[in-house]
Amino acid sequence: MTTLAIYSNKGGVGKTAAAVNLSYLAAQTGAKTLICDLDPQSSATYYFRVKPKLKSGAKGFIKGGKQVYKSVKGTDYENLDLLPADFSLRNLDVTFDRMRRSKKRLRRILRPFREEYDLIILDCPVTISVLAENILNAVDYALVPLIPTTLSVRTYRQLLSFCKKKNHDVSKIYTFFSMVDRHKKMHLELMVRAAREFNGVLKSLVPYLAQIEKMGIYRAPVAVYAPGSLAAKSYQNLWSKVQKKILPGGYNGKKSKNTL
Amino acid sequence: MINNQKFNLPDGHDEKQFIRELADKYATANEPAVVERFTIYDTFDWRLFNRSFVLYASANRLFLRKLDNTDIIHSARISSPPVFIQDFPAGALKKQLAPILKMRALLRLVEVQARSTPYRILNPDEKTVARLVFEKFWPLRHKRRPALTAHLWLRPVKGYNKYARNLVKHFQAAGLSESKQEDIFFKALELVNIKPGSYSARVNIQLEPDMRADKATKIILRFLLHVMRINAAHIEKDLDTEFLHDFRVAIRRTRSALGQIKNVFAARTTDRFKKNFASIGKLSNELRDLDVYLLNEDHYKALLPPVLREEIDPLFDYLRKKRSKALQKVIRGLKAKRNVKILQDWEVFLNKAPQDSATAHSAAFPVIDLACKRIHKKYSNIVKAGHLILKKTEDERLHALRIECKKLRYLMEFFASLFPRKKNDLLIAQLKKLQDNLGDFNDLSIQKETLLNISTQMPATLQQTPKTLLAIGSLIGTLEKERQIVKNAFAKTFTNFASPENQALFRQLFVSRAK
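Residues numbered from 1 in each chain as written. Chains lettered and ligands numbered in written order. Predicted model: local features only at pLDDT ≥ 70, side-chain atom pairs only at ≥ 80, totals over all residues.

Caption draft 1: The arrangement of the overall build of chain B in detail. Per the secondary structure count, chain B includes 17 helices and nine strands. Taking 2.2 N^0.38 as the reference for a compact globule, 515 residues should give roughly 24 Å; the C-alpha atoms of chain B span a radius of gyration of 30 Å, well beyond that estimate. Over its C-alpha atoms, taken along the principal directions, chain B stretches across nearly 90 × 70 × 50 Å. Counting across all 515 residues of chain B, residues that qualify as buried make up 30%. Summarising the internal contacts of chain B: among those between residues at least 6 apart in sequence, 70% fall at separations of at least 24. (Helix = DSSP H or I, 4+ residues; strand = E, 2+ residues; numbered from the N terminus. Rg over C-alpha atoms; globule rule 2.2 N^0.38 Å. Buried ≥ 20, exposed ≤ 12 C-beta atoms within 10 Å, placed from the backbone. Contact = placed C-beta atoms within 7 Å.)

Listed below in structure tokens is the structure:
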């Protein structure tokens, strides 16, 4: 089992779009996949047409165990389940902070899923507090979407120095370029510079595309409503890079077809 | 979470009408139908079926499951239809099946085609909350035949159990019952008139203790003739080495029965067929020896030091060429008029009803008396001979003892149905341990000898390759070492076999009745 957080300390960088599309593509390879929507805005949950509701709310979530397990919903796609968001998750930060072993709570909550799933993808809210540390402690890898702008790159630097200060393993953090506008000279230049400056930059970029924004209309992963489109291809490319880099073993996915 | 549920669809069921009715209550979406083909495999002697396995291929994957269970145990990608275990890609599937299939070829038993039409049940958010799959199976190449089965799968979506529960109610109201059908494996085979488990080379006959000995012996011999005929028909196709092997064993058993079950037929008849079957058996001696060599190729290579492993390849290439010639010889021989006539005459003789007046001394004895007498005599002889060998272990004596053990084994198998099964099986298992030791010793002796002979028979070009000769020499040395180890193990194996407990058990089973 592998856990992967799609995380950023900056908003509006394409986290949820990446989490939804990557989890869909992973499930298509036959891997039993769970996407956890930790963002109280519940966008990922919305994309999968599921009601943003956890059994017993944030309380049940923090307690972990059966309640969380029961909240999982099957999506429209084979091998892909969703742990929906809940508005009450907005106070997760504060709640964790007040608890003992406050930085390892999330890891504990996810433990019961390790048996059942090959891959768990976390769609994370914007945070750089105790929740961020919970996430980093809970996952094997974190993938940070990076818009090639000055501010975005600066925030990424902040994240890396935060991790170093808090003694988190920086080598498990990967990044890819998101919402890239190929017409902007600055985007192109910054990508070259960033690739030089940071380790763990995946050679894959997701352009800024209307097709991706339409996920809100179709409420589905891009590959479902626009297969073969540039948007679908760029996520496919990103997935293959992710798979190669951080999940090199692949899966022995048992597809439910071909049964006699 | 509710599990997948399967419902029977009655004959002439209208799928479209069913969905139309469902659409009054639920929003539905359909998906394109999928057509898949499945090929079911097993060996000629049902090695997989006998262990409740079902092996099938679909698209370019192989799947293994248990009978009456649709869960896949292992699957593996294949690029061509599998025949031997060597063709399987490395992995869990190969590991599990290797000790079961061994040298036997997989045969295609039947091909079926499945058409599945999936539907999704949607909630007001157009979210899928349950899946339905209509599934129909046909035998391939039997287009006109009716479908094997048709059923409807309900596959609930996690977290939406209420929908699944309501759908079950709906199905029940529509008259569908939950399916508890037997495995489609059986239905598919039935269509092509194949009975799973129908062939086994093991002697499987039922005798009555009071039966006349000549009648009982004919039942045994008819069974052996049946095994001969079935396998002879396949030798020509050369699918694997075991058709010939089973054929030869049936001949050997026949000869043994003729020699060991004494005085049940006229002496002239017995003598004639003993000679006839000896000559048919001899036909394939060379081919079988070559088969054994080639089956052991990997084993032999492993015995060689790594530097010489490839050097032995010319020998095996030579043996392979020799084998294909030997095979042609056997095929020609089996078709030869003389040999065809032997089997025909034999069949006529076996099917002739026994005459009222006995033609031989023991013909009218109750079979159980004869069986006890023969088995016990053989056993006593073996124990005596074995003790002599313990005093002085000579190769010739070991060889003779091996033959005697084989005869005893055959007798015990022929007459197994007359004795308590558990005890008889136990004694056979004890005997088998001794036979394994003697068999290994014999194999190693023969292999060593043959290698020596082959190296002089090989074409001159090969003989001039010093490294190949070196490899053969090294192999002979290793085989000789192994042979000595096996020889030294005889004393202990025999002492176990002739233990007081085993002797008592033999007496208990076979002596009391013989008197």
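Caption draft 2: Examining the overall build of chain A more closely. Helix and strand counts for chain A come out as 13 helices and eight strands. The C-alpha atoms of chain A give 18 Å as radius of gyration, which agrees with the globular expectation for 260 residues (18 Å, within 12%). Its C-alpha atoms put chain A at 50 × 50 × 35 Å along the principal axes. The buried share of chain A, taken over its 260 residues, is 45%.

Caption draft 3: Representation of helix α13 (residues 395-414) of chain B. Residue and element names in this part refer to chain B. Look at α13: 29 Å from first C-alpha to last across 20 residues, which is about the 28 Å you get at 1.5 Å a residue. Those residues of α13 that sit buried are Leu398, Leu401, Cys405, Lys407, Leu408, Tyr410, Leu411, Met412 and Phe414. Looking at the buried residues of α13, the elements they touch are α5 (213-235), α6 (242-260), α12 (367-391), α14 (421-457) and α16 (466-497). (Expected span 1.5 Å × (residues − 1).)

Caption draft 4: Here's a closer look at the environment of B:Leu294. Within the secondary structure, B:Leu294 is located in helix α8 (residues 285-295). Those residues in contact with B:Leu294 that lie beyond four places of it in its chain are B:Phe316, B:Leu319, B:Arg320 and B:Arg323.

Caption draft 5: Spatial organisation of the pairing of strand β9 (residues 149-156) of chain B. Residues and elements named next belong to chain B. When strand β1 (residues 5-8) meets β9, the two strands line up antiparallel, connected through four bridges. Bridge pairing in β9 places lysine 6 opposite tryptophan 153. Taken together, the eight bridges between strand β8 (residues 128-139) and β9 define a ladder with antiparallel strand orientation. Directly across from valine 133, in β9, lies its bridge partner tryptophan 153. (Pairing = 2+ DSSP bridges.)

Caption draft 6: Local environment of the packing of α5(B) against α6(B). Residues and elements named next belong to chain B. In the contact formed by α5 and α6, the axes pass within 8 Å of each other and the chain directions differ by 155 degrees. Here α6 runs roughly antiparallel to α5, going by the angle between their axes. You can see that α5 and α6 cross each other, and the crossing is left-handed. Residues Thr217, Ile220, Leu221, Leu224, Val227, Met228, Asn231, Ala232, His234 and Ile235 of α5 form the contact with α6, whose own contacting residues are Phe243, Leu244, Asp246, Phe247, Ala250, Ile251, Arg253, Thr254 and Ala257. Partitioned by chemical class, the residues of the contact of α5 with α6 number 13 nonpolar, four polar and two charged. (Axes fitted to C-alpha atoms, helices over the stretch in contact; angles between N-to-C directions. Parallel < 35°, antiparallel > 145°, perpendicular 65-115°, else oblique. Left-handed = near helix turned anticlockwise from the far one by under 90°. Nonpolar A, V, L, I, M, F, W, Y, C, P; charged D, E, K, R; others polar.)

Caption draft 7: Main features of the environment of A:Phe198. All names here are of chain A. Turning to its location among the elements, phenylalanine 198 is positioned in the loop between α9 (185-197) and β8 (201-207). Overall, phenylalanine 198 belongs to the partly exposed group, with 18 C-beta atoms counted inside 10 Å. Phenylalanine 198 sits 38 residues away from leucine 160 along the chain, and the two C-alpha atoms are 9.5 Å apart.

Caption draft 8: The packing of α14(B) against α16(B), seen in detail. Residues and elements named next belong to chain B. α16 packs onto α14 with a crossing angle of 160 degrees between their chain directions and a minimal axis gap of 9 Å. The angle between α14 and α16 places the two elements in the roughly antiparallel class. Note on packing geometry: the crossing formed by α14 with α16 is left-handed.

Caption draft 9: Structural context of the sheet that holds strand β4 (residues 80-83) of chain A. Residue and element names in this part refer to chain A. Overall, mixed pairing links the eight strands, which are arranged β3-β4-β2-β5-β1-β6-β7-β8 in an open sheet. Strands with a single pairing partner mark the edges of an open sheet, and in this sheet they are β3 (73-74) and β8. Note: strand β7 (residues 173-180) against β8, three bridges, orientation parallel. Residue phenylalanine 177 lies in a different strand from β8, and its bridge partner there is leucine 205. The strands touched by helix α8 (residues 150-165) are β6 (141-146) and β7; relative to β6, the strand with the most contacts, the crossing angle is about 160 degrees.

Caption draft 10: Expanded view of the domain arrangement of chain B. Assigned domains of chain B: these are domain 1 (5-191) and domain 2 (213-514). One C-alpha centre belongs to domain 1 of chain B, the other to domain 2 of chain B; they are set 45 Å apart. (Domains from an automatic or database assignment.)

Caption draft 11: Quick look at the nonpolar core. Within the largest apolar cluster, 75 residues are counted, with the highest numbers of intra-cluster contacts made by A:Ala5, A:Ile6, A:Leu22, A:Ile121, A:Leu122, A:Ile135 and A:Tyr235. At nine residues, the largest contribution of residues to this core is made by helix α1 (residues 15-28) of chain A. Setting aside its immediate chain neighbours within four residues, A:Ile135 contacts A:Ala5, A:Tyr7, A:Leu106, A:Leu122 and A:Cys124. Among the nonpolar cores identified, the runner-up in size contains 69 residues, and B:Ile220, B:Leu398, B:Tyr410 and B:Leu411 belong to it. (Core = buried A, V, L, I, M, F, W, Y, C linked by C-beta atoms within 7 Å.)

Caption draft 12: Just the pairing of β6(A), in detail. All names here are of chain A. Where burial is concerned, most of β6 is hidden: five out of the six residues are buried. In terms of strand pairing, strand β1 (residues 2-6) meets β6 through three bridges, oriented parallel. What sits directly across from leucine 4, in β6, is tyrosine 141. The parallel pair β6 and β7, bridged by α8, forms a crossover whose chirality is right-handed. (Right-handed = clockwise from strand over helix to strand, strands pointing away.)

Caption draft 13: Region of interest: the environment of A:Leu146. Residue and element names in this part refer to chain A. Tracing the backbone through its elements, the reader meets leucine 146 in strand β6. For the pair leucine 146 and leucine 230, spaced 84 residues apart in the sequence, the C-alpha separation amounts to 19 Å. Aside from chain neighbours lying at most four places away, what touches leucine 146 is Ser152, Val153, Tyr156, Thr175, Phe176, Phe177, Ser178 and Ala194.

Caption draft 14: A look at unusual backbone geometry. All names here are of chain B. Positive phi, close to 50 degrees, is recorded for lysine 102, a residue that is not glycine. Among the secondary structure elements, lysine 102 is positioned in the loop between α2 (92-101) and β7 (107-122). For lysine 102, a count of 14 C-beta atoms within 10 Å corresponds to the partly exposed category. At glutamate 126, a position not held by glycine, the phi torsion is positive, near 60 degrees. Considering the arrangement of structural elements, one finds glutamate 126 in the loop between β7 and β8. Assessed through the 14 C-beta atoms surrounding it within 10 Å, glutamate 126 is described here as partly exposed.

Caption draft 15: Layout of α8(B). Residue and element names in this part refer to chain B. Buried within α8 are the following residues: Leu287, Leu290, Asp291 and Tyr293. The arc that holds the buried residues of α8, viewed along the axis, is 165 degrees, so those residues lie on one side. Contacts from the buried residues of α8 go to α6 and α10 (313-335). (Arc of directions from axis to C-beta.)

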